[in-house]
2 protein chains.
Amino acid sequence: MMQRLSPEQITALLTAHTVRPTRQRLALAMHLFSGPHRHVTAETLHREVQAEGHTVSLATVYNTLNHFHTLGLLGEVSLTPGSTWFDTNTKHHFHAFHEETGELWDIDPAEVGPVAVAGLPEGMELARMDVVIRVRSKG
Amino acid sequence: MMQRLSPEQITALLTAHTVRPTRQRLALAMHLFSGPHRHVTAETLHREVQAEGHTVSLATVYNTLNHFHTLGLLGEVSLTPGSTWFDTNTKHHFHAFHEETGELWDIDPAEVGPVAVAGLPEGMELARMDVVIRVRSKG
DNA sequence: GTCATTGCAAATACTTTGCAAATCA
DNA sequence: TGATTTGCAAAGTATTTGCAATGAC
């Protein structure tokens, strides 16, 4: 799924959510939404836009990622304590994480087989289910 | 599963892993291994032993939890970025997390139904699968 | 021009580490 | 006694926040 959103669509997406399409937000949104789905941390995204010559402070990257997450444009992945990953794929899916290389990719729930949760306490409902499959190279 | 290990068994457990059963480690291990299964952070465990009158520094709690984890006596739960939870249940199981109350408890894999992972890339094998079921009170 | 947004630096939260003093075998 | 362990304080890493300057409409 290359080129999900064009620059115009990205601007439209931001204004639709009543966030001003500023230079910084556009630069970040382009990285997030114009190519294939991404997994980023504030740190990795900051490095990327810097490398492209854009000037965006790290604080703004943090704020923007949180902002986009609040708007539902990004998902959050609980992977390792210590850093927060954001995921441009907000559909229901699972993750595979290679602990040796740090690689992270999506797993289609269909590949994990049918999953149902029984035995939840009375009065509670499932809000969301996070599955992280940790893999290693076959030794 | 109350009273899993007696004080003597805990001392034996530590010496078996060639860690000296010092006053601090015994106090921490008692909290972790003498009652039912626990989920703790360095912070919560530190508060507990302090409340009991033991003097253990927070740094030692961190070091000891990491040490026990390395020895395989504790599992680690990836829940929320920002704090690390340790789990005295090291058997294969899943977690349910109540995002509103912060409650965390174990889920028997049997209650989640059969799970199998297909479609892993060539040359990789499953190392471990973490499932976090997030629940909320029925609205 | 007005109000949102940005960037910096400071603050906060969590965790690790260096090292001297204390402790255990 | 000799090696390990502890506690403190300092450093490190990840993230948030206050506020003056900037930028968008």
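Before any of the text, the structure's been laid out above.
Conventions and cut-offs
Residues numbered from 1 in each chain as written. Chains lettered and ligands numbered in written order. Predicted model: local features only at pLDDT ≥ 70, side-chain atom pairs only at ≥ 80, totals over all residues. Heavy atoms only, no water. Pairing = 2+ DSSP bridges. Helix = DSSP H or I, 4+ residues; strand = E, 2+ residues; numbered from the N terminus. Contact = heavy atoms within 4.5 Å. Buried area = accessible area lost by both parts, 1.4 Å probe. Salt bridge = Lys/Arg side-chain N within 4 Å of Asp/Glu carboxyl O. Polar contact = N/O pair within 3.5 Å; in protein donor to acceptor, adjacent residues only side chain to side chain. Buried < 20%, exposed > 50% of the residue type's maximum accessible area, 1.4 Å probe, protein only. Arc of directions from axis to C-beta.

A. Examining the sheet that holds strand β2 (residues 75-80) of chain B more closely. Residue and element names in this part refer to chain B. Ordered by their spatial adjacency, 3 strands build an open sheet running β1-β3-β2, and the pairing between neighbours is antiparallel. Sheet topology places β1 (39-40) and β2 at the edges, where each strand pairs with a single neighbour. Examined bridge by bridge, β2 and strand β3 (residues 83-87) share 4 bridges and lie antiparallel to one another. Looking at β3, one finds that Glu76 is bridged to Phe86.

B. Representation of the interface of chain A and chain B. Taken together, the contact pairs 39 residues of chain A with 38 residues of chain B. When the two sides are added together, the surface that chain A and chain B hide from each other amounts to roughly 3300 Å², 54% of it contributed by carbon and sulfur. At the junction of chain A with chain B, the criterion picks out 4 salt bridges. Put simply, Arg136 of chain B and Glu125 of chain A hold a salt bridge, and the shortest N to O gap is 3.0 Å. Counting the contacts that link chain A with chain B gives 16 residue pairs in polar contact (both at pLDDT 80 or more). Elements supplying a minimum of two residues to the side of chain A that touches chain B: β2 (75-80), β3 (83-87), β5 (104-107) and β6 (124-137) of chain A. The element that contributes the greatest number of residues to the side of chain A that touches chain B is β6 of chain A, accounting for 14 residues. The pairing of β6 of chain A with strand β6 (residues 124-137) of chain B spans 13 bridges and is classified as antiparallel. Bridge pairing links Asp130 of chain A to Val132 of chain B in β6 of chain B.

C. Region of interest: helix α3 (residues 42-51) of chain A. Residues and elements named next belong to chain A. Buried residues of α3: Ala42, Leu45, His46 and Val49, and no others. Viewed along the axis of α3, the buried residues span an arc of 100°, placing them on a single side of the element. The outward face of α3, more than 90 degrees from its buried face, is lined by the exposed residues Arg47 and Ala51. Structurally, α3 contributes buried residues whose contacts are with α2 (23-33), β1 (39-40) and α4 (58-70). Of the residues flanking the end of α3, it is Gly53, one or two places downstream, whose phi is positive at about 95°.

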